[in-house]
Amino acid sequence: MEKTLIIFKPSAMERGFVGQIINRFQQKGLVICGIKMMRLSEELLREHYAHLVDKSFFPVLLKSMMASPVIVMCLAGKDVINVVRLMTGATNGRDALPGTIRGDFSASNQENVIHASSSPEDAAAEIKRFFKDEEIFEWTPANLKYVYSELEID
Ligand code: IDP
Ligand code: MG
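These numbers come from a predicted model, not from an experiment.

Draft legend 1. Expanded view of the nonpolar core. Grouped together as the largest cluster of nonpolar side chains are 47 residues, with contacts concentrated most on Ile6, Phe8, Ile21, Phe25, Leu30 and Phe130. No other element matches the seven residues that strand 3 (residues 70–77) contributes to this core. In contact with Ile21, not counting residues within four places along its chain, are Phe8, Ala12, Ile101, Phe105, Val113 and Ile114.

Written out as structure tokens, the structure is:
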């Protein structure tokens, strides 16, 4: 199954929303295949946010992402990259629709509680960036046949 990378940003860690957000993903039927806590280094963040390093807000973003430890998580599911982006909502929490994670937990265009991979190429690179191969678990929960029809499971 497809995989994606989530980061519980310091805004989720400090405000105590990790459990509620994980609950949403599990309720959707997504499978946790890797999870750990870490501190993000400036070097790793410059790679992860390479598309933003020239933006005027980048130093503030860097400081914000290093303000506390974060939790990184790999989720698996059918079309999971798109499903998780839809559940995450727009970048700016003030534009994100109610019912989305950012719509319900964020009021900021920076302090928006989670990162979620935005394309198959990004997801593959990000999972490699944050996890060693042996930290990713390939497993199939017994109830997956009640999450998807047999025609939907590869
Ligand atoms: P995404 O997280 O929705 O994929 P990106 O454009 O990839 O959005 O930006 C990565 C992160 O950089 C955002 O989640 C947010 O924390 C921060 N960011 C993006 N645009 C702005 C901005 O205009 N001001 C402050 N922070 C921003
Ligand atoms: Mg992005």
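Structure shown, so let's carry the discussion forward.
Draft legend 2. Seen up close, the packing of aromatic side chains. Per the counting criterion, the structure on display carries one aromatic pair. Relative to Phe105, the ring of Phe17 has its centre 4.7 Å away and its plane inclined at 50 degrees; by these criteria the two rings are tilted. On the criterion of sequence distance, the pair formed by Phe17 in the loop between helix 1 (10–15) and helix 2 (18–28) and Phe105 in helix 6 (residues 101–105) is long-range, its members being 88 residues apart.

Draft legend 3. Representation of the sheet that holds strand 3. One open sheet accounts for four strands, arranged 2-3-1-4; its pairing is antiparallel. A strand with exactly one partner marks an edge of an open sheet, and here the two such strands are strand 2 (31–38) and strand 4 (114–116). Taking each pair of neighbouring strands and ignoring which way they run, the sheet shows an average axis angle of 20 degrees. Along the sheet face, helix 5 (residues 80–88) touches strand 1 (2–8), strand 3 and strand 4 and points at about 30 degrees away from the line of strand 1.

Thresholds, definitions, all that
- Residues numbered from 1 in each chain as written.
- Chains lettered and ligands numbered in written order.
- Predicted model: local features only at pLDDT ≥ 70, side-chain atom pairs only at ≥ 80, totals over all residues.
- Heavy atoms only, no water.
- Core = buried A, V, L, I, M, F, W, Y, C linked by side-chain atoms within 4.5 Å.
- Buried < 20%, exposed > 50% of the residue type's maximum accessible area, 1.4 Å probe, protein only.
- Helix = DSSP H or I, 4+ residues; strand = E, 2+ residues; numbered from the N terminus.
- Contact = heavy atoms within 4.5 Å.
- Phe/Tyr/Trp six-rings, centres within 6.5 Å; stacked < 30°, edge-to-face > 60°.
- Pairing = 2+ DSSP bridges.
- Axes fitted to C-alpha atoms, helices over the stretch in contact; angles between N-to-C directions.

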